Amino acid sequence: MAHSSAQNNENDDESELFAVDRVEFLEEGGSMPSTNVLKALAALKGMERNDIKSRLYKRLLKIVENILLNPWDKQKRRIRKTNPVYEQHIATHQEALELFDSIGFNDINGFAVMSVVNVPLLRGLYRKLISMLHEEYGIEVKSLEGHFFDPFKPYKHSANIGKNVDIDNFEITMTDITKKQMEEIHRKLSDVDMDTTLSSWNPRIYMENKPKRAPRRDKDAQKDSPDIQPTVSHVMQIYKVGKCDQFESTSKKNLDALKKQCEHLEKRQTVELKIKLPGGAVLIIDPPMKTPIAKLKSEIQSIMVDSISPGSWDLLEVPTRRVLDSSKTLIQEDITHKVVLHFLLKDAKTATGQIVAPAFLQEFRQNP
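As the structure is a computational prediction, the values presented were derived from the model and not from experiment.

S.K.: Can you tell me about the overall build of the protein chain, naming the residues and giving the values?
M.R.: Looking only at helices and strands, one finds 11 helices and 11 strands in the protein chain. Counting only residues that meet the buried cut, the protein chain has 39% of its 368 residues in that class. The contacts of the protein chain with a sequence gap of at least 6 include a subset with a gap of at least 24, amounting to 72%. Only carbon and sulfur atoms are counted for the fraction: they give 49% of the accessible area of the protein chain, which is about 22000 Å².

As structure tokens, then:
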């Protein structure tokens, strides 16, 4: 009965000490120590260099290390203030108390308690303490960071550092298949087609009866041409909204998107582009999906009048108003289906009339 009573008291104490109990793995700014931690560390470094200071460094390092090995273990996150280690190494140094305060230790019922474990912050502090021991005392400390729990890695965690004492990281128990598959598909899609030219892309030009104004880049434009109003499906695509029955990782979604691109490439090597030009001309071509955007623009430039210079225009996908990236290919820009592009002059005053050279306009022109 006495044992049961003591256990109940211990549970009651723990519930009081950890009324707030949280472990955080994400923090804005990454794993660099905060300003308060850096100030506390600077104060520690300013202490007289002696054996007392080196032992303090080691004690602080061990406390942080034990928490990081298993951040949910409350025994590692509380220190009784009457504990000899705390009394001798922490309580007697204002600099150590300030560091404790900066990393989240609070004074609760005679204990120093870390209610919220900020893992990125502690990992940054852990590296700093190891560095300080080496710089000031030449002491080499084997980092156990590879054994700290990380929810973003594909292995099964174990805080038993004796199991793999001679290695720097856990034994991998899973293979990141998604990453390997993505790398393989990326290699397939990274090939470019530089051999074909505009003349082999079945070019044809027709004139629109009423030339429409090219869309502006400005996303806040109040009035747009009726033919570029986004549909519901495009709005969902732009803002990435929709229903999802279960969570899917970003890498899994990216893999699925790459697989679809490969499927399109296997079914059809080319894609139809309808490019609306100033002056009412519409250029239709069927380039290979592996054509670089830079190559595409170069070929289009070859049929322009002299007043249109390279670099003075972009290709804009509608209705998403996305400027195509010249460093990518069509398929890398996810252009695998028939699409409408606008020839967008960076300076609207550059040209006011027809920009296709007369010879090419006559050669490629046909009825719509």
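S.K.: An account of unusual backbone geometry is requested, with residue identities and associated values reported.
M.R.: In terms of backbone geometry, most residues other than glycine have negative phi values and most peptide bonds are trans. Even without being a glycine, Asn109 presents a positive backbone phi close to 50 degrees. Relative to the helices and strands, Asn109 resides in the loop between strand S3 (105-108) and strand S4 (111-114). The backbone of Asn202 shows a phi angle near 55 degrees, a positive value even though the residue is not glycine. By the element assignment, Asn202 lies in the loop between helix H7 (177-189) and strand S6 (204-207).

S.K.: Account for the pattern of salt bridges, naming residues and giving values.
M.R.: Per the stated rule, a full pass over the model turns up 20 salt bridges. Of the charged contacts in the structure, one is a salt bridge between Glu136 and Lys53, with a shortest N-O distance of 2.8 Å. Of this pair, Glu136 sits in helix H6 (residues 119-137) while Lys53 sits in helix H3 (residues 51-69), placing them 83 residues apart in sequence. The residues Glu136 and Lys53 share a single accessibility class, namely buried. Between Arg322 and Glu333 there is a salt bridge; the shortest N-O distance is 3.2 Å. Taken as a pair, Arg322 in strand S10 (residues 322-323) and Glu333 in the loop between S10 and strand S11 (339-345) lie far apart in primary sequence, 11 residues in all. For Glu333, a relative accessible area of 8% puts it in the buried group. By sharing partners, the salt bridges in this structure join Arg204, Glu272, Asp286 and Lys338 into a single network.

S.K.: Please give an account of the sheet that holds strand S9 (residues 313-317) that cites residues and values.
M.R.: An order of S6-S8-S7-S11-S9-S10 is seen for the 6 strands of this open sheet, with the pairing classed as mixed. Taken across any chain shown, the strands that pair with only one partner, and hence form the sheet edges, are S6 and S10. Here S9 pairs with S11 via 5 bridges, running antiparallel. Each residue of the ladder has a partner; that of Leu315, found in S11, is Phe343. In this fold helix H10 (residues 293-301) packs onto strand S7 (273-276), strand S8 (281-285), S9 and S11, with an angle of close to 120 degrees to the strand it touches most, S9.

S.K.: Break down the packing of aromatic side chains for me, with residues and values.
M.R.: Remark: the centre distance and the inter-plane angle together describe each pair of aromatic rings, the angle taken between the planes. If you walk through the whole model with that rule in mind, you get 6 aromatic pairs. Arranged with centres 5.0 Å apart and planes meeting at 75 degrees, the rings of Tyr126 and Phe148 form a pair that is edge-to-face. Here the residue Tyr126 occupies a position in helix H6, and Phe148 occupies one in the loop between H6 and H7, the gap between them amounting to 22 residues. On the basis of relative accessible area, Tyr126 is assigned to the buried category, the value being 0%. Three or more aromatic residues link up through ring pairs in this structure, and these residues are Tyr86, Phe100 and Phe105. Directly above the ring of Phe18 sits Lys74, whose terminal nitrogen or CZ lies 5.8 Å from the centroid. Over the ring of Trp313 we find Lys297; its NZ or CZ atom is 5.2 Å from the centre of that ring.

S.K.: Could you give an account of empty space enclosed by the protein, naming the residues involved and the relevant values?
M.R.: Going through the model one piece at a time under the given rule, you end up with 1 cavity of 30 Å³ or more. In this structure, the largest cavity encloses a volume near 30 Å³. The wall of the largest cavity is formed by Leu60, Ile63, Val64, Leu99, Phe100, Ile103 and Leu125. If you list the elements that add at least two residues to the lining of the largest cavity, you get H3 and helix H5 (94-102). In terms of residues, the lining of the largest cavity owes the most to one element, H3, which gives 3 residues.

Definitions and cut-offs
- Residues numbered from 1 in each chain as written.
- Predicted model: local features only at pLDDT ≥ 70, side-chain atom pairs only at ≥ 80, totals over all residues.
- Heavy atoms only, no water.
- Helix = DSSP H or I, 4+ residues; strand = E, 2+ residues; numbered from the N terminus.
- Buried < 20%, exposed > 50% of the residue type's maximum accessible area, 1.4 Å probe, protein only.
- Contact = heavy atoms within 4.5 Å.
- Areas by Shrake-Rupley, 256 points an atom, 1.4 Å probe, with all protein chains shown as cover.
- Salt bridge = Lys/Arg side-chain N within 4 Å of Asp/Glu carboxyl O.
- Pairing = 2+ DSSP bridges.
- Axes fitted to C-alpha atoms, helices over the stretch in contact; angles between N-to-C directions.
- Phe/Tyr/Trp six-rings, centres within 6.5 Å; stacked < 30°, edge-to-face > 60°.
- Lys NZ or Arg CZ within 6 Å of the ring centre and 35° of its normal.
- 1 Å grid on protein atoms, 1.4 Å probe; cavity = no way out; pocket = protein on both sides within 12 Å on 5 of 7 lines; lining within 4 Å.
- Points joined across faces, edges and corners; volume = space filled by probe spheres on them.

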